[in-house]
Amino acid sequence: MAQAVDRDTNRPLEPPSEFIVKVQDINDNPPEFLHETYHANVPERSNVGTSVIQVTASDADDPTYGNSAKLVYSILEGQPYFSVEAQTGIIRTALPNMDREAKEEYHVVIQAKDMGGHMGGLSGTTKVTITLTDVNDNPPKFPQSVYQMSVSEAAVPGEEVGRVKAKDPDIGENGLVTYNIVDGDGMELFEITTDYETQEGVVKLKKPVDFETKRAYSLKVEAANVHIDPKFISNGPFKDTVTVKIAVEDADEPPMFLAPSYIHEVQENAAAGTVVGRVHAKDPDAANSPIRYSIDRHTDLDRFFTINPEDGFIKTTKPLDREETAWLNISVFAAEIRKACIYCLNSLLSDNRHQEAKVPVAIRVLDVNDNAPKFAAPYEGFICESDQTKPLSNQPIVTISADDKDDTANGPRFIFSLPPEIIHNPNFTVRDNRDNTAGVYARRGGFSRQKQDLYLLPIVISDGGVPPMSSTNTLTIKVCGCDVHGVLLSCNAEAYILNAGLSTGALIAILACIVILLVIVVLFVTLRRQKKEPLIVFEEEDVRENIITYDDEGGGEEDTEAFDIATLQNPDGINGFIPRKDIKPEYQYMPRPGLRPAPNSVDVDDFINTRIQEADNDPTAPPYDSIQIYGYEGRGSVAGSLSSLESATTDSDLDYDYLQNWGPRFKKLADLYGSKDTFDDDS
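Every chain's residues receive numbers from 1 upward, in the order its sequence appears when written. With pLDDT at 70 or above as the cut-off, local features in this predicted model cover only qualifying residues; side-chain atom pairs require 80 or more to be listed or tallied, and sums for whole chains, interfaces and linings still use all residues. Excluded from the side-chain calculation are hydrogens and water; included are all heavy atoms of the structure.

**What about the overall build of the chain?**
Secondary structure elements are taken from DSSP: a helix is a run of H or I of four residues or more, a strand is a run of E of two residues or more, and numbering for both begins at the N terminus. Secondary structure summary: the chain contains 7 helices and 34 strands in total. Burial classes: relative accessible area under 20% of the type maximum marks a residue as buried, over 50% as exposed, and values in between as partly exposed (1.4 Å probe, protein chains only). Across the 683 residues of the chain, 32% fall into the buried class. Look at the contacts in the chain between residues 6 or more apart in sequence, and 67% of them connect residues 24 or more apart. Entry remark: accessible area of the chain is about 44200 Å², with carbon and sulfur atoms responsible for 53%. Here, two residues are considered to be in contact whenever any of their heavy atoms come within 4.5 Å of each other. Only the protein chains shown count as cover for residues, and all accessible areas are computed by the Shrake-Rupley method using a 1.4 Å probe.

Right, here's the structure in full:
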């Protein structure tokens with residue numbers, strides 16, 4: 001806004017006028033990119049013209065005047081690998097088959113210029129970092145054609161033998177490699193696994209190898225990519241092979257027994273030194289060292305056997321009993337003896353325990369007929385009394401069987417018979433049932449308990465062994481009383497005799513028992529009367545105090561009428577003075593005021609409280625006025641008597657003559673514990 005005014009008077013000469021000033025743009029701002037730097041990725045081996053990234057710039061000048069129109073993009077750095085479209089700013093690949101393994105990262109500088117790129121135009125630049133991403137365009141390759149490895153024959157399955165590695169320049173999943181054994185004479189003995197952290201193939205032992213059997217093996221190992229890109233399949237097979245040669249190293253192996261276990265037999269009762277059998281082991285090493293044998297004494301604690309350390313023959317050390325143990329199990333060690341130490345066997349066995357082999361040996365003890373058969377149980381037969389006219393029963397008195405500790409070959413079948421000297425026994429006979437049992441039958445009737453109530457029948461039992469064994473067993477048969485149906489009633493002979501009357505001997509025994517009972521009663525009554533006599537006997541050498549026990553019970557705390565409670569009160573205590581009677585008094589002290597019950601009072605509570613207060617206020621008196629509770633031990637207590645009154649009978653040097661000076665209250669004690677002369681005077 002402007003206005004003309006008079007200079008001298010400063011008056012407006014015209015009204016205010018509006019002036020509009022228009023600023024005309026000039027090209028004074030260069031183009032600017034949105035980002036100072038750009039980052040982009042493109043797969044390696046991409047075709048020419050593959051788009052990588054688009055960059056964009058802007059100009060602040062007014063496009064009306066053409067100052068920012070037609071920005072033109074150009075590449076300043078990065079040729080000949082990449083190109084940029086001038087109008088759009090799109091960056092594209094300019095060369096084919098760019099290899100990431102050769103160069104992975106590129107730096108490109110892009111320029112944007114206004115004024116259509118003509119002279120006088122302004123420009124701006126930006127940096128673009130382009131990274132080639134990996135593709136699986138390289139197969140794995142072994143750096144060498146042959147790998148040499150070795151393994152000890154002492155190695156255990158699963159142990160690592162060696163490692164191989166095929167190099168693949170690709171990265172990530174494109175560089176993953178897996179390994180396999182595709183050929184070779186050791187495919188059954190070795191295996192290979194892949195260590196994905198190191199991308200190595202780990203050769204491991206699958207089965208044990210033996211140096212003496214075969215000393216070298218060859219394997220053909222293949223390495224192949226896990227992920228294959230079909231676009232690059234034409235580049236060839238993405239795998240490679242290599243030869244792995246494995247040498248087997250010799251190791252000092254323990255001996256080997258020719259059999260995994262042994263079973264031998266020996267007859268029982270065989271003499272010491274009888275050969276049981278032999279175990280045999282050999283050294284699998286090429287040196288073929290000699291073997292020394294020994295028995296594991298933990299398996300032969302009784303030392304039944306011994307073994308020849310050189311040839312492995314096992315012998316007995318004592319006769320064996322099959323009936324005690326039919327099978328014996330031992331273990332035998334075989335240790336290798338080195339030729340350099342053939343004269344130091346003991347130290348060698350202790351130093352080379354790891355070179356031992358162990359085999360179980362089972363020894364069966366064969367049976368010999370050395371046990372005669374015996375009764376299977378303690379049999380006892382019973383037969384009923386009968387007269388001569390009663391017919392004999394066809395039922396056996398008892399059926400017996402036998403038992404034999406020997407094996408069945410030397411045991412049954414058993415033969416039962418009577419001894420030859422009583423083959424014609426008039427009372428009983430034995431019938432063999434031919435099934436390892438026999439029945440005992442009566443040959444006659446008319447058995448009577450009055451004549452004979454017990455019969456002992458010897459029976460001979462023979463087995464079927466070679467040579468046969470036999471034994472004589474005694475069967476006890478009792479004559480018993482039965483009812484009409486043959487049911488046993490009694491087998492006691494004395495019970496039968498008592499029915500007819502008591503014998504003289506029985507009557508004498510009954511009278512003797514009665515006399516003994518009377519004597520016991522008289523003694524008991526006499527002892528009871530003696531207990532009521534005075535127990536204190538004043539003899540010259542036996543002076544003691546006795547405790548007399550009464551069985552009378554009091555009526556308890558509420559029984560106050562059975563006696564005069566006033567007798568419990570000490571007359572001296574009424575006056576406030578209580579003399580000490582348990583020690584010899586030497587001085588007197590003044591009585592202390594306190595609660596004093598009336599002389600004829602029967603208030604026991606006040607009486608006791610007075611005594612307690614006086615005892616508490618006396619600093620010189622020990623707590624003699626205290627209540628002591630003694631548990632009654634009862635008769636026959638192992639603790640014995642708790643009383644000190646029996647001390648009168650013990651030998652003591654103490655002088656108790658001073659008790660005579662304590663007054664009439666201690667006269668009794670003075671008589672009991674005083675000197676002999678004093679006692680005589682009192683008498």
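Right, picking up where we left off after that structure.
**Here's the deal with helix 5 (residues 604–617)**
Here a helix's expected span is defined as the number of its residues, less one, multiplied by 1.5 Å. A rise of 1.5 Å per residue sets the reference length of helix 5, with its 14 residues, at 20 Å; its end C-alpha atoms lie 20 Å apart and thus fit the reference within 8%. By the burial criterion, the buried members of helix 5 are Phe607, Thr610, Arg611 and Glu614. Along the axis of helix 5, the buried residues cluster in a sector spanning 95°; they form a single face. Opposite the buried face of helix 5, at more than 90 degrees from it, the exposed residues are Asp605 and Asp616. This arc describes the spread of directions from the helix axis toward the C-beta atoms.

**Concerning the packing of aromatic side chains**
Stacked, tilted and edge-to-face pairs are distinguished by plane angle, under 30 degrees for stacked and over 60 for edge-to-face with tilted covering the rest, among Phe, Tyr and Trp rings (Trp via its six-membered ring) whose centres lie within 6.5 Å. Taken as a whole, this structure holds 13 aromatic pairs when the rule is applied. Look at Phe375 and Tyr379: their rings are 5.4 Å apart centre to centre, the planes differ by 85°, and that puts the pair in the edge-to-face class. The pair Phe375 / Tyr379 is uniform in exposure class, with both members buried. Consider the rings of Phe447 and Tyr455, whose centres lie 5.6 Å apart with planes at 85°: the pair is edge-to-face. For Tyr455, a relative accessible area of 9% translates into the label buried. Our definition puts a charge over a ring when NZ of Lys or CZ of Arg is within 6 Å of the ring centre and also within 35 degrees of the ring normal. For the cation-ring pair, Arg444 lies above Phe447, with the distance from its terminal atom to the ring centre recorded as 4.0 Å.

**Here's the deal with the state of the cysteines**
By disulfide we mean two sulfur atoms from cysteines, separated by a distance within 2.5 Å. For the coordinates displayed, the defined rule picks out 2 disulfides. The disulfide that involves Cys480 links it to Cys491, with 1.7 Å between the sulfurs. Note on the Cys480 and Cys491 pair: the S-S dihedral is about 100°, so by sign convention the disulfide is right-handed. Of the two residues, Cys480 is situated in strand 33 (residues 470–482) and Cys491 in the loop between strand 34 (488–490) and helix 2 (493–498); the sequence distance between them amounts to 11 residues. On the basis of relative accessible area, Cys480 is assigned to the buried category, the value being 0%. Given a relative accessible area of 27%, Cys491 falls into the partly exposed group.

**So, the nonpolar core**
Among the nonpolar cores identified, the biggest contains 26 residues, and Val164, Tyr179, Phe190, Val244 and Ile246 are the most heavily contacted of them. In contact with Phe190, other than residues within four places in its own chain, are Val151, Val161, Ile181, Lys204, Leu205, Lys206, Val209, Tyr217, Leu219 and Ile246. Definition of nonpolar core: a set of buried residues of the types Ala, Val, Leu, Ile, Met, Phe, Trp, Tyr and Cys, connected through side-chain atoms within 4.5 Å.

**Digging into the UniProt feature "transmembrane region" (unreviewed entry) in the chain**
Mapped onto the present numbering, the UniProt feature "transmembrane region" (unreviewed entry) falls on residues 506–527. Between the first and last C-alpha atoms of residues 506–527 the distance is 32 Å; the span itself is 100% helix and 0% strand. UniProt positions are given in the numbering used here, feature names are shortened, and annotations may be inferred rather than shown by experiment.

**Focus on the sheet that holds strand 11 (residues 160–164)**
In this analysis, strands are considered paired if DSSP registers two or more bridges between them. Strand order in this open sheet of 3 strands is 11-14-13, and the pairing throughout is antiparallel. Here the strands that pair on one side only, and so sit at the sheet edges, are strand 11 and strand 13 (190–195). Each strand axis lies, on average, 25° off the axis of its neighbour in the sheet, ignoring direction. Note on geometry: axes are C-alpha line fits, over the in-contact stretch for helices, and angles between N-to-C directions span 0 to 180 degrees.

**Side note on the sheet that holds strand 6 (residues 82–84)**
Here we have 3 strands laid out as an open sheet, ordered 3-7-6, and antiparallel in their pairing. The open sheet terminates on both sides in strands that have one partner only, identified here as strand 3 (51–54) and strand 6. Strand-to-strand twist in this sheet, taken as the mean axis angle between neighbours without regard to direction, amounts to 25°. Relative to strand 7 (residues 90–93), strand 3 runs antiparallel, the two sharing 3 bridges. The residue of strand 7 that forms the bridge with Gln54 is Ile90.

**A short note on the pattern of salt bridges**
Only one rule defines a salt bridge in this text: a Lys or Arg side-chain nitrogen within 4 Å of an Asp or Glu carboxyl oxygen. Inspection of the entire model under this criterion finds 20 salt bridges. Among the ionic pairs, Arg100 bridges to Asp134, the shortest N-O distance being 3.0 Å. A residue pair is termed long-range when its members are at least 10 positions apart, and Arg100 in the loop between strand 7 and strand 8 (105–113) and Asp134 in the loop between strand 9 (123–133) and strand 10 (146–152) qualify at 34 residues. Classification of Arg100 as buried rests on a relative accessible area of 9%. What makes Asp134 buried here is its relative accessible area of 14%. For Lys358, the salt bridge is made with Asp296, and the minimal N-O distance between the two is 3.5 Å. Of this pair, Lys358 sits in strand 25 (residues 356–366) while Asp296 is found in the loop between strand 21 (291–295) and strand 22 (305–307), placing the two residues 62 residues apart along the sequence.

**Some thoughts on the side chain of His264**
Structurally, His264 is set in strand 18 (residues 262–267). At a separation of 3.3 Å, a polar atom in the side chain of His264 contacts the main-chain carbonyl oxygen of Arg278. When residues no more than four places from it in sequence are discounted, the contact partners of His264 are Val276, Gly277, Arg278, Val279, Val361, Ala362, Ile363 and Arg364. The term polar contact refers here to a pair of N or O atoms within 3.5 Å; inside protein, the definition further demands a hydrogen-donor-capable atom paired with an acceptor-capable atom, and it admits residues adjacent in sequence only when both atoms are side-chain atoms.

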